Amino acid sequence: MTARAQQIETLAQVLDDAARQARPVPQPSGSMTLDLASAYAVQAALLARRHARGETPAGVKLGFTSRAKAEQMGVHEVILGRLTDAMQVADGGVLDRSALIHPRVEPEVAFLLGAELVPGAEPDALAAAVASVASALEVIDSRYTDFRFRLGDVVADNTSAAAYVIGPWQDPCDLVDRDVRLEVDGELVDTGSTTAILGDPWNALAEAARMAGRLGLRLGAGDVLLAGAATAAAPLPGSGLVTGVVHGLAQVTVRVGSGRPRGA
Ligand code: OOG
Ligand code: MG
């Protein structure tokens, strides 16, 4: 193994252990510069560890597709992370808060693919690959101390991906300028518009296809795409019911608890 390959593997292990033990670690960029190619290589090595434990790929997520998120975290470049089946919590299910470090939650739009998303394809062809759309909640949980990172760090950490919840799938529809709400126990926590997501969440398809293609990832039938948050992320409460509402789509909920398995 080369020194670079060794470094990549070591960082993947550090981040994987941090997630499994719910214990934060210092940002690597404090001591070394993590270029983007190396950061995605760490992400791939991290996912390989999850797959070796039996988790299966479930799709991808985009990050920093909205200005609210980019400004909240100081990272101004769209990033891609990978989802696995183990990260999904059933709509209306219980999320185990005790397995996480300093989780935050954000309202999103999800796409379900019914066919391959071909990089560089025309917008109509990309849209035709979508089988269904839904509102979603993403729970992010940076494995870094104080939830602080630079671009390479957060890419290596699989873009802070921790858990996601998808509302009822429905037929593809226009998603321009839909109000988005994040609620905890019925109280409004944050509000935004789907326009914040790359101007229109459907633009996430071309972006995901392009980025996945560059990384050698194939996106096809059955894969989920989370288009990125429409608002800044809010701290996940210690307990309570979190609801995401995208106007015109069915809402999505998750109950925050502790000590219960995900999806229960
Ligand atoms: C990185 C993940 C960003 C989004 O929707 O913009 C993201 C983070 O904020 O920790 O998932
Ligand atoms: Mg997100």
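Residues numbered from 1 in each chain as written. Chains lettered and ligands numbered in written order. Predicted model: local features only at pLDDT ≥ 70, side-chain atom pairs only at ≥ 80, totals over all residues. Heavy atoms only, no water.

S.K.: Can you walk me through the overall build of the protein in this structure?
M.R.: Across its full length, the protein holds 6 helices and 13 strands. What you see for the protein is a C-alpha radius of gyration of 17 Å, in line with the 18 Å of a compact globule of 264 residues. Across its three principal axes, the protein shows a C-alpha extent of roughly 50 × 45 × 35 Å. Split into buried and exposed, the 264 residues of the protein put 53% on the buried side. (Helix = DSSP H or I, 4+ residues; strand = E, 2+ residues; numbered from the N terminus. Rg over C-alpha atoms; globule rule 2.2 N^0.38 Å. Buried < 20%, exposed > 50% of the residue type's maximum accessible area, 1.4 Å probe, protein only.)

S.K.: Even after reading the chapter, I still don't get the side chain of Thr194, so can you show me in this structure?
M.R.: As for its placement among the helices and strands, Thr194 is situated in the loop between β9 (187-193) and α6 (203-215). For Thr194, a relative accessible area of 0% gives the class buried. Within polar-contact distance, the side chain of Thr194 engages the backbone nitrogen of Arg178 at 2.7 Å. Leave out the neighbours within four places in its chain, and Thr194 touches Val109, Leu175, Val176, Asp177, Arg178, Val180, Asp200, Pro201 and Val246. (Polar contact = N/O pair within 3.5 Å; in protein donor to acceptor, adjacent residues only side chain to side chain. Contact = heavy atoms within 4.5 Å.)

S.K.: Looking at this model, I keep getting lost on unusual backbone geometry. Mind explaining?
M.R.: Both trends apply: most residues other than glycine have a negative phi, and most peptide bonds are in trans. Non-glycine residue Ala22 carries a positive phi angle of around 50°. With respect to the helices, strands and loops of the structure, Ala22 is situated in the loop between α1 (3-21) and α2 (36-52). Phi at Asp185 is positive, roughly 50°, even though this residue is not glycine. Mapped onto the elements, Asp185 comes out in the loop between β8 (179-184) and β9.

S.K.: Sorry, what's going on with the site of ligand 1 here?
M.R.: In the region of ligand 1, 17 residues are neighbours, and Lys61, Phe64, Lys69, Glu106 and Ser160 sit closest. Glu108 is positioned with one of its side-chain polar atoms (N or O) 3.0 Å from an oxygen atom of ligand 1. Taking Glu138, its side chain carries an N or O atom lying 3.0 Å from an oxygen atom of ligand 1. In the complex, the protein chains occlude 100% of the 320 Å² of accessible area that ligand 1 would expose alone. For the shell around ligand 1, the elements supplying multiple residues, two or more each, are β1 (57-63), α3 (67-73), β5 (104-113) and β6 (130-140). No other element matches β1, which puts 3 residues into the shell around ligand 1. Its residues assigned to classes, the shell around ligand 1 shows 8 nonpolar, 4 polar and 5 charged. (Near = heavy atom within 4 Å. Areas by Shrake-Rupley, 256 points an atom, 1.4 Å probe, with all protein chains shown as cover. Nonpolar A, V, L, I, M, F, W, Y, C, P; charged D, E, K, R; others polar.)

S.K.: Is there a simple way to think about the coordination of the magnesium ion (ligand 2) in this case?
M.R.: Octahedral metals with six donors have ideal donor angles of 90 or 180 degrees. Tetrahedral metals with four donors have an ideal donor angle of 109.5 degrees. In this structure, Glu106 (OE), Glu108 (OE) and Glu138 (OE) serve as the protein donors to the magnesium ion (ligand 2), at separations of 2.0 to 2.1 Å. Along the chain, the residues donating to the magnesium ion (ligand 2) fall in the pattern E-x1-E-x29-E. One end of the pair, Glu108, is in strand β5; the other, Glu138, is in strand β6, with 30 residues separating them in the sequence. With respect to burial, Glu108 and Glu138 carry one shared label: buried. (Donors = N, O, S within 2.8 Å, 3.2 Å for Na, K, Ca; no water.)

S.K.: How should the pattern of salt bridges be read in this particular structure?
M.R.: One side chain can pair with another of opposite charge once the charged atoms of both are near each other. Overall, the coordinates contain 10 salt bridges when judged by the stated rule. Between Lys69 and Glu106 there is a salt bridge, and its shortest N-O distance comes to 2.8 Å. Within this pair, whereas Lys69 is found in helix α3, its partner Glu106 is found in strand β5, the two being separated by 37 residues in sequence. Each member of the pair, Lys69 as well as Glu106, carries the same accessibility label: buried. Within the structure, one salt-bridge network assembled from shared partners comprises Glu9, Asp16, Arg49 and Arg53. (Salt bridge = Lys/Arg side-chain N within 4 Å of Asp/Glu carboxyl O.)

S.K.: So what exactly am I meant to see when it comes to the packing of aromatic side chains here?
M.R.: Within a pair of aromatic rings, the relevant descriptors are the distance that separates the centres and the angle that separates the planes. Going through the model one piece at a time under the given rule, you end up with 2 aromatic pairs. Seen from their ring centres, Phe147 and Phe149 are 6.3 Å apart, and the 50° between their planes marks the pair as tilted. Accessibility assignment for this pair places Phe147 and Phe149 in one class, buried. Positioned over the ring face of Phe147 is Arg104, at 3.9 Å from the centre of the ring. (Phe/Tyr/Trp six-rings, centres within 6.5 Å; stacked < 30°, edge-to-face > 60°. Lys NZ or Arg CZ within 6 Å of the ring centre and 35° of its normal.)

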